[in-house]
Amino acid sequence: MSVKLTDFQRKVYAAVSLIPQGKVSTYGLVAAYIGCGSARAVGQALKVNPFAPVVPCHRVVRSDLRLGGFCGSADEKALSQKRALLLSEGVRFVDPDTVHPDCLYTFT
DNA sequence: ACCGTGACGGCGA
DNA sequence: TTCGCCGCCACGG
């Protein structure tokens with residue numbers, strides 16, 4: 001069965017793939033980069049990301065630098081996995097749910 | 001084609 | 001500073 005993707009999803013995944021490891025970006029920044037006026041729409045595309053974590057959706061967090069969600073949900077179970085992935089890539093946390101500002105990637 | 005639903009974000013209280 | 005409300009927009013039913 002082929003995975004069906006919308007054009008919007010392709011744009012989102014392409015942009016997210018540009019985020020270097022050890023860094024993170026935000027739903028809003030990704031939206032702005034692909035010319036979409038809605039961070040929520042980006043979140044919606046990522047929550048159904050069939051390529052996780054090949055397409056590094058774990059490197060996308062909320063604009064307040066709190067984690068957001070992972071693997072379709074925002075429960076502690078998913079978030080701890082997201083945190084673990086980021087930590088393994090060198091992303092630092094100022095508290096269990098907030099990444100350090102220096103890791104932010106802004107799409108130049 | 002219309003409607004409800006969000007892994008969001010900014011702003012006022 | 002935290003909380004709630006509302007605007008945003010792609011998607012599936």
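For the structure, see preceding data.
Residues numbered from 1 in each chain as written. Chains lettered and ligands numbered in written order. Predicted model: local features only at pLDDT ≥ 70, side-chain atom pairs only at ≥ 80, totals over all residues. Heavy atoms only, no water.

Chemist: Hey, could you run me through the overall build of chain A in this one?
Modeler: Looking only at helices and strands, chain A has 4 helices and 4 strands in total. What you see in chain A, going N to C, is helices and strands ordered as α-β-α-α-β-α-β-β. The globule rule puts the C-alpha radius of gyration for 108 residues at 13 Å, and the 13 Å found for chain A is close to it. When each of the 108 residues of chain A is scored for burial, the buried share is 37%. Long-range pairs, those at least 24 residues apart, make up 62% of the contacts in chain A between residues at least 6 apart in sequence. Split by element, the accessible area of chain A, about 6,100 Å² in all, is 55% carbon and sulfur. (Helix = DSSP H or I, 4+ residues; strand = E, 2+ residues; numbered from the N terminus. Rg over C-alpha atoms; globule rule 2.2 N^0.38 Å. Buried < 20%, exposed > 50% of the residue type's maximum accessible area, 1.4 Å probe, protein only. Contact = heavy atoms within 4.5 Å. Areas by Shrake-Rupley, 256 points an atom, 1.4 Å probe, with all protein chains shown as cover.)

Chemist: Got a minute to help me understand the protein's contact with DNA strand C in this structure?
Modeler: What surrounds DNA strand C is the set Thr6, Phe8, Gln9, Gly37, Ser38, Arg40, Ala41 and Gln44. Protein-adjacent atoms of DNA strand C, using a 4 Å cutoff, are sugar or phosphate at a proportion of 65%. Within the side chain of serine 38, one N or O atom sits 3.3 Å away from a sugar or linking oxygen of DNA strand C. Arginine 40 is positioned such that a nitrogen or oxygen atom in its side chain is 2.9 Å from a base oxygen of DNA strand C. Looking at which element gives the most residues to the surface near DNA strand C, the answer is helix α3 (residues 39-47), with 3 residues. (Near = heavy atom within 4 Å. Polar contact = N/O pair within 3.5 Å; in protein donor to acceptor, adjacent residues only side chain to side chain.)

Chemist: Help me understand the protein's contact with DNA strand B, please; the structure alone is not making it clear to me.
Modeler: The full set of residues close to DNA strand B is Tyr27, Gly28, Ala39, Arg40, Leu46, Lys47, Cys57, Arg62, Ser63, Gly69, Cys71 and Gly72. Protein-proximal atoms of DNA strand B, defined as those within 4 Å of the protein, fall in sugar or phosphate at a share of 41%. Between a phosphate oxygen of DNA strand B and a main-chain N or O atom of glycine 28, the distance comes to 3.1 Å. Taking leucine 46, its main chain carries an N or O atom lying 2.6 Å from a base nitrogen of DNA strand B. Secondary structure elements with two or more residues in the surface near DNA strand B: α2 (27-33) and α3. When its residues are assigned to classes, the surface near DNA strand B shows 5 nonpolar, 4 polar and 3 charged. (Nonpolar A, V, L, I, M, F, W, Y, C, P; charged D, E, K, R; others polar.)

Chemist: Where do I start with helix α1 (residues 7-16) in this structure?
Modeler: Owing to its 3.6 residues per turn, the α-helix brings residues three or four apart onto one side. Listing the buried residues of α1 in full gives Gln9, Val12, Tyr13, Ala15 and Val16. The arc enclosing the buried residues of α1, seen along the axis, measures out at 160°, which places them on a common side. Against α2, α3 and β2 (60-61) lie the buried residues of α1. (Arc of directions from axis to C-beta.)

Everything listed here is a matter of geometry and, on its own, says nothing about what the molecule does.
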